[in-house]
Each structure stands twice: as structure tokens, then as C-alpha cells.
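Residue-level structure breakdown
Chain residues, written in single-letter form:
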Amino acid sequence: MLIGIDWGGTKIEGVALLPDGTELARERRDTPRHDYLGCIDMIGAIIAAMEEKTGQRGTIGIGIPGSLEPKSRLGKGASSTWLLGRPVEKDLTERLGREVRVENDADCLAASEAVDGAGAGHNVVFAVILGSGAGAGIAVGGRAHHGPNNSGGEWGHNPLPFPNQSELPGRPCYCGKHGCLETWVSGRAFEAEFALHTGTERKAAEIMAMKRGGDRLAGLLWTRYVDRVARGLSVVVNALDPDIFVMGGGMSNVPELYDELPPMIARYTFSTVFHTPVVPSRHGDASGVRGAAWLWKDG
């Protein structure tokens, strides 16, 4: 049995799978935000619950909203800032009493979709998360690509390309810089734009419902949002030219994205043609947790 844990900023989800992908159990609980040890304990409780339910002991793969330093193995680049500088792998191993494999959550998404999801059959898969934060993972030949700095796919912390005057210097980001893509293209950023213009807070789904109902401001903010995502992905095409873009996170559930985003990307790429498929993840919100389980797929 392979157990995957998706340690997100708002929820921690676990799944238990057979090697053929058959799901045996699933658990999902709210993240104890800003409580690092509370998160470690909750992961232990979720795993214990699934193992009790199945009567089996599993391998454990964990996707985190950040990554680990290649040498020190301390948390880095985490939007859940309470992981920063923490010995995540060591603490999880001690709490669970067995070896764990820890990878970036977007890398888990990329691997999941490359193995048996929307990216299956494609060699280079660029998987994008547009959720409470924004990030990406790269899978090559069905395996996540990391690089010597464990920084492959840190798309959300590049500056917004081709900014106009109103977008400079950009909003402050938790990473200490200004104008990172995450501050423009995450679901929270979309909601923040609406709040800035109206003084009213709405969830992304509510704003999209207003757009579909003919609300002019909601429509303008959506078009601006798609344009910013397109600018961000255009430089990925210029640098990597992946075989497919697979979209995950809450904003990937907006169907208009798949009609409007490709022609917008084409406006910004250096190439005069853009044929790259832009598709939603096949496994939806479950893809990251499945990818975490797949960290042990080959033993």
C-alpha cells in the first residue's frame, strides 16, 4: 500500500492506494495554520486512521507547499511560512517511525499527471498550481525534475513579465520580493483585485458567477487575470517549450480558462506559433496527493 499526504496551507489530505492506482482510503482535515508541530501530529493521525481502516501498513510520500534544501534538508520556499527552516523530513520520520519521502506539492502534481493523468504520453509536463498560492512542477519522462538546487518549477517567484506602469513595483510577497507571479495569478490574488476595486470580499467562484451574469467589473478583472497568467506562461514556452501545460489548483476549475488562455499566451511568446495543449488536471484536487503516494511507486 502506498500512502500519499498533501500538506497544504488550508487542508491536509491523505490517500492510500494500491500500486495499480486503486484507492483504498482517504482522509482530509483542515490545516492547523502556523502550527508546525500541530501539522506534524495531524499527518500522523491521518496516516494512523487510514492504516486502521485498511488493516495495512503503507509507504509514505508527502507533498509540501515548498521544498527542502538539497544538503541541510530544511524547509525553503514555502508559502506555508511555518515550514521555513524546519527539519521537515527528520521530524516526520521521527513522528511516524519510518522513512518518508518529501517533495514539493507541485512536483507531486506533475508526476501524478505525467504517469496516468492529463500529461500521460507527454515527455515534458509543466504542471501549474493556481490556488491559494501559485507554483509549478516539471516532470520529464514521468518523473519530477528538481535540479541541483531543488528549485525546478519555482515559477511563482519570478516577476510578472511585461509589466505595465500600474503593476510596478508590484505587491510585496512573503518571500521578501515584490511583484512575484504568485501575487498576481493565485486565486487569492484574483480575490484581492476584486476587493481592491469594490471594497467587498468575494470568493473567486462568486466573482466568476458575477462575470457570467454580465457584471462588467468582474469581466474586466477576469480578462486581466488571464492576461497575467498568459504572460507568466509565455516565458516558460520561451525557455522550456514543454509538451503540455496541466493546470491544477482552485482557479483551474474555471472552464473559461481553457478557451481564453491559449490565444493569450500566443500574444506574448517569441515564437509566432503556439500549439501547446493547456488542459485541466485529470485527477483534479486529488492529483497532488496521488503524486505524493507515487513517490514510492518504484520501490
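Presented here is an overview of the structure given in this document. The shown structure was predicted, so the numbers you read here are calculated from the model rather than taken from an experiment.

Structural notes on helix H8 (residues 256-266)
Among all positions in H8, only Glu256, Leu257, Tyr258, Leu261, Pro262, Met264 and Ile265 are buried. Among the structural elements, strand E8 (124-130), helix H6 (204-212), helix H7 (216-239), strand E11 (244-248) and strand E12 (278-280) are those in contact with the buried residues of H8.

Observations concerning the packing of H7 against H8
H8 packs onto H7 with a crossing angle of 55° between their chain directions and a minimal axis gap of 8 Å. Classified by the interaxial angle, the pair formed by H7 and H8 is oblique. Considering the relative orientation of H7 and H8, their crossing is right-handed. Packed against H7, whose contacting residues are Trp222, Thr223, Val226, Asp227, Val229, Ala230, Leu233, Ser234 and Val237, the element H8 presents Glu256, Leu257, Glu260, Leu261, Met264 and Ile265 at the interface. Of the residues contributing to the contact of H7 with H8, the split by class is 10 nonpolar, 2 polar and 3 charged.

Topic: the nonpolar core
Counting 38 residues, the largest nonpolar core has Leu130, Trp155, Leu233, Phe245, Met247 and Leu261 as the members making the most contacts within it. Those elements that provide at least two residues to this core are E8, strand E9 (134-140), helix H4 (182-185), helix H5 (187-198), H6, H7, E11 and H8. Of all the elements, H7 adds the most residues to this core, at 10 residues. Leu130 has contacts with Trp155, Val185, Tyr225, Val229, Met247, Gly248, Gly249, Gly250, Met251, Ser252 and Leu257, leaving out every residue within four places of it along the chain. Counting 27 residues, the second-largest nonpolar core is a separate cluster that includes Ala16, Ile43, Leu68 and Leu92.

Here we look at the pairing of strand E2 (residues 11-17)
Across the 7 residues that make up E2, a large majority, 7, are buried. Burial along E2 is two-sided: Lys11, Glu13, Val15 and Leu17 and Ile12, Gly14 and Ala16, pointing in opposite directions, are all buried. Sheet analysis places strand E1 (residues 2-7) next to E2, joined by 6 bridges and oriented antiparallel. Its bridge partner lying in E2, Asp6 is registered against Glu13. Where E1 folds back onto E2 in an antiparallel hairpin, the turn is made up of 3 residues. Across 7 bridges, E2 lies against strand E3 (residues 23-30) in antiparallel orientation. From the neighbouring strand, Ile12 faces E3, where its bridge partner is Arg29.

Digging into the packing of aromatic side chains
By convention here, two paired aromatic rings are described through the distance between centres and the angle between planes. Under the counting rule described, the total for this entry stands at 6 aromatic pairs. Ring geometry for Trp222 against Tyr225: centres 5.6 Å apart, planes inclined by 25°, an arrangement best described as stacked. Of the two residues, Trp222 and Tyr225 both sit in helix H7, 3 residues apart, roughly one turn of that helix. Since its relative accessible area comes to 0%, Trp222 is described here as buried. Chaining the aromatic ring pairs together yields one cluster made of Phe190, Trp222 and Tyr225. When the ring centre of Trp296 is taken as origin, the NZ or CZ atom of Arg101, which lies over that ring, is 3.6 Å away.

Focus: H7
The first and last C-alpha atoms of H7 sit 35 Å apart over 24 residues, in line with the 34 Å expected at 1.5 Å per residue. Where H7 starts, the residue carrying a side-chain oxygen 3.2 Å from the main-chain nitrogen of Leu217 turns out to be Asp215. Following H7 by one or two positions, Asp241 adopts a phi angle in the positive range, close to 50°.

Here's the deal with the sheet that holds strand E4 (residues 59-64)
With mixed pairing, 5 strands are arranged side by side in an open sheet as E3-E2-E1-E4-E7. Of all strands in the sheet, those with a lone pairing partner are E3 and strand E7 (100-104), marking the two edges. Across the sheet, the axes of successive neighbouring strands diverge by a mean angle of 15°, strand direction being ignored. Examined bridge by bridge, E1 and E4 share 5 bridges and lie parallel to one another. Each bridged residue has a counterpart across the sheet, and for Leu2 the counterpart in E4 is Thr59. Running over the sheet, helix H2 (residues 88-96) touches E1, E4 and E7 and is turned about 145° from E7. On the sheet, helix H3 (residues 105-116) packs against E1, E4 and E7 and is oriented at approximately 95° with respect to E7.

Quick word on the sheet that holds E9
Sheet architecture is open: 5 strands sit in the order E10-E9-E8-E11-E12, paired in mixed fashion. In the strand order of this sheet, the two ends are held by strand E10 (143-144) and E12, each with one partner. Contacting E8, E9, E10 and E11, H3 runs over the sheet at an angle of about 45° to E9. H8 rests against E8, E11 and E12 of the sheet, and its axis sits at about 155° to E12.

Cut-offs applied
- Per chain, the residues get numbers from 1 upward, laid out in the order the sequence is written.
- Residue-level local features of this predicted model are given only where pLDDT is at least 70; pairs of side-chain atoms are given and counted only at 80 or more, and the full residue set underlies all totals for whole chains, interfaces and linings.
- Hydrogens and water are ignored here; the side-chain numbers use all heavy atoms of the structure.
- Only protein chains enter the area calculation, which uses a 1.4 Å probe; residues under 20% of their type maximum are buried, those over 50% are exposed, and those in between are partly exposed.
- The secondary structure listing takes helices from DSSP runs of H or I that are at least 4 residues long and strands from runs of E that are at least 2 residues long, numbered from the N terminus.
- The contact criterion used is simple: two residues touch if any of their non-hydrogen atoms lie within 4.5 Å.
- All axes here are fitted lines through C-alpha atoms, helices being fitted over the stretch that makes contact, and every angle between N-to-C directions spans 0 to 180 degrees.
- Note on terminology: angles under 35 degrees are roughly parallel, angles over 145 are roughly antiparallel, angles of 65 to 115 are roughly perpendicular, and the others are oblique.
- Each crossing gets its handedness from the near helix: less than a right angle anticlockwise from the far helix is left-handed, clockwise is right-handed.
- Here the nonpolar group is Ala, Val, Leu, Ile, Met, Phe, Trp, Tyr, Cys and Pro; Asp, Glu, Lys and Arg are the charged ones; every other residue, Gly included, is treated as polar.
- Within this scheme, the nonpolar core is defined by two criteria: the residues are buried Ala, Val, Leu, Ile, Met, Phe, Trp, Tyr or Cys, and they are joined through side-chain atoms within 4.5 Å.
- Two strands form a pair only when DSSP identifies at least two bridges running between them.
- Here a Phe, Tyr or Trp ring, Trp counted by its six-membered ring, pairs with any other such ring whose centre lies within 6.5 Å, and the pair is stacked when the planes are under 30 degrees apart, edge-to-face when over 60, and tilted otherwise.
- Criterion for a charge above a ring: Arg CZ or Lys NZ at most 6 Å from the ring centre, at most 35 degrees from the ring normal.
- Expected span, for any helix, means 1.5 Å times one less than how many residues it has.
- N or O atoms closer than or at 3.5 Å make up a polar contact, with two conditions inside protein: a donor-capable atom paired with an acceptor-capable one, and, for residues adjacent in sequence, both atoms drawn from side chains.

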